[in-house]
Every structure is written in C-alpha cells, then in structure tokens.
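Summary of structural features
The chain contents come next:
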Amino acid sequence: MVNTETKKVVKKQITLRDQRSFQTYIFRVLKETKPEMSISKQGMTVINGIIVELFEKIMREARELMIHSKKQTLSSKEIETAVKLHFPGELQKLAINASRDALTKFSANSGN
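All figures in this text were calculated on a predicted structure; none of them were measured in a lab.

How each quantity is defined
- Residues numbered from 1 in each chain as written.
- Predicted model: local features only at pLDDT ≥ 70, side-chain atom pairs only at ≥ 80, totals over all residues.
- Heavy atoms only, no water.
- Helix = DSSP H or I, 4+ residues; strand = E, 2+ residues; numbered from the N terminus.
- Buried < 20%, exposed > 50% of the residue type's maximum accessible area, 1.4 Å probe, protein only.
- Contact = heavy atoms within 4.5 Å.
- Areas by Shrake-Rupley, 256 points an atom, 1.4 Å probe, with all protein chains shown as cover.
- Patch = residues over 30% accessible without salt bridge, like charges linked within 9 Å, V, L, I, M, F, W, Y side chains within 5 Å.
- Salt bridge = Lys/Arg side-chain N within 4 Å of Asp/Glu carboxyl O.
- 1 Å grid on protein atoms, 1.4 Å probe; cavity = no way out; pocket = protein on both sides within 12 Å on 5 of 7 lines; lining within 4 Å.
- Points joined across faces, edges and corners; volume = space filled by probe spheres on them.

Quick look at the overall build of the protein now. Summing up its helical and strand segments, the protein has four helices and zero strands in all. Each helix (α) and strand (β) of the protein, taken in turn from the N terminus, gives the series α-α-α-α. In the protein, which comprises 112 residues, the share counted as buried stands at 13%. Long-range pairs, those at least 24 residues apart, make up 35% of the contacts in the protein with a sequence separation of at least 6. Carbon together with sulfur atoms contributes 57% to the accessible area of the protein, which is approximately 10100 Å² in total.

Residue position: glutamate 80 is located in helix α3 (residues 76-86). Excluding its chain neighbours within four sequence positions, the residues that come into contact with glutamate 80 are Ile96 and Arg100.

Let us look at a nonpolar patch on the surface. A contiguous nonpolar patch, built from Phe27, Ile39, Val46, Ile47, Ile50, Ile51 and Leu54 and spanning about 520 Å² of accessible area, is present on the exposed surface. By residue number, the principal contributor to the nonpolar patch is helix α2 (residues 41-68), which donates five residues. Within the element layout of this structure, leucine 54 appears in helix α2. On the basis of relative accessibility, which here comes to 32%, the residue leucine 54 falls in the partly exposed class.

On to the layout of surface pockets. Volume-wise, the largest pocket comes out at about 660 Å³. If you trace the largest pocket, you find 14 residues lining it, with Ile79, Ala95, Ala98, Ser99 and Ala102 closest to the centre. Those elements that provide at least two residues to the lining of the largest pocket are α2, α3 and α4 (89-110). Among the elements that line the lining of the largest pocket, the one with the most residues is α4, at seven residues.

Here you go:
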C-alpha cells in the first residue's frame, strides 16, 4: 500500500517571460527591411512600448466590437474594423492589405 502523503510531486520549473514583448519581431523586421542598420536597447524599448500600446488599443476595440455583436469568438473581421477605427486613411489601407496577405499566406501554408 502506497502512502499518498509521502509521495513527492516533482513540478517542472516554468520560466516566465514578458508576454508583451515584440522585440524579436521588431529586430527581424528591421533586418529584413534595412540589414545594414541596428537599434539601441533604449530605442528597442521605446518601439516595443509603442507597439504594445497599439496592440492593446486594437484588442480592446476588437473586444468591444465582439461583445457588441454578441459573438464569443474574435475573428479577423473585428480586428480589421478596430484597425480601421484607430488608423487614418492610407495607413489603415496598408495595414489591412498587409494583414489580408499574411492571413492568406498563413491559410495556404497551414492547409486550411
């Protein structure tokens, strides 16, 4: 008979990282667009803060749109509408076209 009180449960150590960090992606885009340029740590922190703030604003707006339409699943339609509400003219058109291209590419690669 095994005494359950004396059993020791070994838990896997979980390493936490900042979930709101886009630094890897900022660096990748920088190197893809301008390989000869670099960015300082302070500059990366500023750019990351801007992107985190924009991301949170867009997600808040998309969530409100989702609740307003009584849906329980966030879709690309809510994200697209939130982007239209937060960005002006030509910038929103560029963002939406880039996101549609990325979504099409992802869907083609994932086999869906």
